[in-house]
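Coordinates in review
Single-letter residue listing:
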Amino acid sequence: MFRATLAICGRTVVKRFISSVSGENALPSNLRLPSNLIGVGRQKRASPSGSDLPVLHRCEDVIPAHLAPAQTWLESLGSCDGEPLGVVDLHPDVFSVPVRLDILHDVEVWQRNFKRISHAKVKSRAEVSGGGRKPWKQKGSGRARHGSIRSPLWRGGGVAHGPRGPTSYYYMLPMKVRVQGLKIALTAKLAQDYLHIVDSLEIPTPDPHYLLELVKHRQWGDSVLIVDVGDEFPQNILKATEDLKTVNIIPAIGLNVHSMLKHESLVLTLEAVKFLEKKLLWHDVRYTPLYPFKLPYRDMP
Amino acid sequence: MRVFGAVFERAVTACQSSALLCARLFSTGACARIRMHAIPKLKDVDRWTEKRSMLGVYDNIGILGGFKAHPKELIRGPLWLRGFRGNELQRLIRKKRMVGDRMMGEDKHILDKRISFLYRRFNRYGKHR
C-alpha cells in the first residue's frame, strides 16, 4: 500500500519537475484553453505605431510636451472585410489616463443609484384601519394588557420600523469625478483593444445580418456600442440596429460609464472622438464655477 | 506483494477515474437530512432587454451636453422626490409643501399625523435631539 501511494506521489512530483524543467513557455493549467472550445479566441491586432498608413487625424487640442498621443486604427464600415484606412492620434489626457478602478466603481454605482426611487411602504399602527379602542380593560381580564388591536405585536397590526414611503437615493458625485470616470472608461477600452474608430456610419444595406457578420469577422466581441455626434444618423444603420439587442447606437451626449461597461466593444466616429476630447479636456483647465454652469458665462459659448 | 501493489494501484486509478466520471455523493443516512428531490430551476433573465441595454444613457447630459440639462431632470418619480434626498421627516415636509394642497381627506390627515409624530420623536426624545 505504501508503495502504491509512493508511486502516485512520485507521478505528481515527476509532472511538476517536467513542467519546471520545460521552462516558462508552458501555460499553467488554469490558463490553458481546451482544444475542443467552440469559438476562436480573440487575436491581438498589430499595433499601428509601426505601419505605413498615414496619420489621418491629429489632436486638435494641445498635447503636453512630456506625453505622446495614443494611436489606433481608423476603420470603415463600408465592407465586411475592409482594411483599416489609416491611423488616428488620440489625446493622452483622455485616452491614456491612469486607470483608477475605484473611480470607475464609484461612477458606476452612482449611475445605478442616483435615479433610484424605492416605492416600498408599509402601514404603521396609526395608518392601519381600526385599533382606536382599548380591546379589553386594563386589569381583571387575565389577558395581557393592550391598548389597540393594531399595535405591531398583534397579527394584522402595523409595522413598527418598516420602509416608509417613496424613498429617494439621489446624490451627485463631483463633476470632475464623473468626467474622470468617462476618461478612465475610454482608456480601459483602448488598452484592452475594444475601442474602434470609424470614419462614418455609412453601411451598404439596412440588413442586421450584415452588421452581425462584420462584428463577428472583425472579432469585435459579443456586444457593440456605436456612438456618433449629432441628431441624424444614416437610415441604414438605424434600421439595422433597430432589431438587434446587443448592437446599440447612441448619440455622443448619451455616452456613460455603465453603457461602456455593459457593451463589450465601443465604436466611435471621428466626429465623436473630437467632440469627446473637447468636452472632457475642458474640465482640466476650467475655473471653479462661481454660479452653476447652466447660467451664461462670458467666455463660454 | 508487488503484484498486489500493482493491482491496488490500478484499482485506485480506476476508482479515481470513475469517481470523476460520476461524482455522486452517497452517505449512510447518518448526517443531516436535506432532501433535494426538486432542485428549483434558475430563472432565465434576459440581460439585453431595451430597458437594460439603454440603462444609464444620458446620465452625463450635463457635462457632455453643455449644461443645458441636469441629470436630476432625468429622474422619473414623485414630484417632491426628483433630485432630493432626505430622511422621512424631510421628505414628508417637502411633500406637504409641494403637493399638500392637492391632497384630500384621509391622506392629508395621515400625513399631518406622521409629521407631528416624527417631529416630536426627533426633537424631544432620545439621545439625538
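Note that the structure is predicted; figures quoted are calculated from it, not measured.

The secondary structure content of chain B amounts to 5 helices and 0 strands. When the helices and strands of chain B are placed in sequence order, the string is α-α-α-α-α. Expressed as a percentage of contacts within chain B between residues at least 6 apart in sequence, the contacts between residues at least 24 apart total 15%. Entry remark: accessible area of chain B is about 10600 Å², with carbon and sulfur atoms responsible for 58%.

All names here are of chain A. All buried positions along helix H5 (residues 208-217) are accounted for by Tyr210, Leu211, Leu214 and Val215. An end-on view of H5 places all buried positions within 130° of arc, on one side of the element. For H5, the exposed residues lying more than 90 degrees away from the buried face are His209, Glu213 and Lys216. Of the surrounding elements, those touching the buried residues of H5 are strand S7 (224-228), helix H6 (235-242) and strand S8 (247-251). Of the residues flanking the end of H5, it is glutamine 219, one or two places downstream, whose phi is positive at about 55°.

Residues and elements named next belong to chain A. The full count for this structure, using the stated rule, is 14 salt bridges over all chains. The residue glutamate 75 makes a salt bridge to arginine 45 at a minimum N-O spacing of 2.5 Å. Separated by 30 residues along the polypeptide, glutamate 75 in strand S2 (residues 70-75) and arginine 45 in the loop between helix H1 (2-21) and strand S1 (55-57) bring together distant segments of the chain. Overall, glutamate 75 belongs to the buried group, its relative accessible area being 7%. Classification of arginine 45 as partly exposed rests on a relative accessible area of 29%. Salt bridges here are not isolated pairs; linked through shared partners, they connect Arg45, Glu75, Asp193 and Arg218.

Now for the interface of chain A and chain B. Each partner contributes to the interface: chain A provides 52 residues, whereas chain B provides 42 residues. Buried area between chain A and chain B, both sides added, is near 4100 Å², and the carbon and sulfur share of it is 62%. Linking chain A with chain B are 3 salt bridges, by the criterion used here. The salt bridge partner of lysine 245 of chain A is aspartate 46 of chain B, with a shortest N-O separation of 2.8 Å. Linking chain A to chain B there are 11 residue pairs in polar contact (both at pLDDT 80 or more). When residues in the side of chain A that touches chain B are grouped by element, the largest group, 6 residues, is from helix H8 (residues 270-285) of chain A.

Turning to the sheet that holds S7 of chain A, a few remarks are in order. Hydrogen bonding along the main chain pairs the strands of a sheet, whether they run parallel or antiparallel. All names here are of chain A. Strand order in the open sheet made by the 7 strands is S1-S3-S2-S6-S9-S7-S8, with mixed pairing throughout. The two strands at the open ends of the sheet, each matched to only one other strand, are S1 and S8. Direction aside, neighbouring strands of the sheet carry axes that sit 35° apart on average. Here 5 bridges tie S2 to strand S3 (residues 86-90), and the two strands are oriented antiparallel to one another. Looking across to S3, one finds that alanine 70 is bridged to leucine 90. Of the strands in this sheet, S7 and S8 are in contact with H6, which crosses S8 at around 130°. Along the sheet, H8 contacts S1, S2, S3, strand S6 (195-198), S7 and strand S9 (265-269); its crossing angle with S9, the most-contacted strand, is approximately 90°.

This part covers the environment of valine 177 of chain A. For valine 177 of chain A, the location among the structural elements is in helix H4 (residues 175-191). In contact with valine 177 of chain A, other than residues within four places in its own chain, are Ile103 and Val107 of chain A.

Once that is clear, we can look at helix H5 (residues 105-124) of chain B. Residue and element names in this part refer to chain B. End to end, H5 covers 28 Å across 20 residues, agreeing with the expected 28 Å (1.5 Å per residue, within 8%). Of the positions making up H5, those classed as buried are Leu111, Arg114, Ile115 and Leu118. Summarising the axial view, the buried residues of H5 lie within an arc of 105°, below the 170-degree limit, and thus occupy one face. Exposed residues on H5 whose side chains face more than 90 degrees from its buried face are Gly105 and Glu106. Of the surrounding secondary structure, the elements contacted by the buried residues of H5 are helix H4 (88-99). In the segment just after H5, glycine 126 is the residue with positive phi, at about 90°.

Rules of the game
Residues numbered from 1 in each chain as written. Chains lettered and ligands numbered in written order. Predicted model: local features only at pLDDT ≥ 70, side-chain atom pairs only at ≥ 80, totals over all residues. Heavy atoms only, no water. Helix = DSSP H or I, 4+ residues; strand = E, 2+ residues; numbered from the N terminus. Contact = heavy atoms within 4.5 Å. Areas by Shrake-Rupley, 256 points an atom, 1.4 Å probe, with all protein chains shown as cover. Buried < 20%, exposed > 50% of the residue type's maximum accessible area, 1.4 Å probe, protein only. Arc of directions from axis to C-beta. Salt bridge = Lys/Arg side-chain N within 4 Å of Asp/Glu carboxyl O. Buried area = accessible area lost by both parts, 1.4 Å probe. Polar contact = N/O pair within 3.5 Å; in protein donor to acceptor, adjacent residues only side chain to side chain. Pairing = 2+ DSSP bridges. Axes fitted to C-alpha atoms, helices over the stretch in contact; angles between N-to-C directions. Expected span 1.5 Å × (residues − 1).

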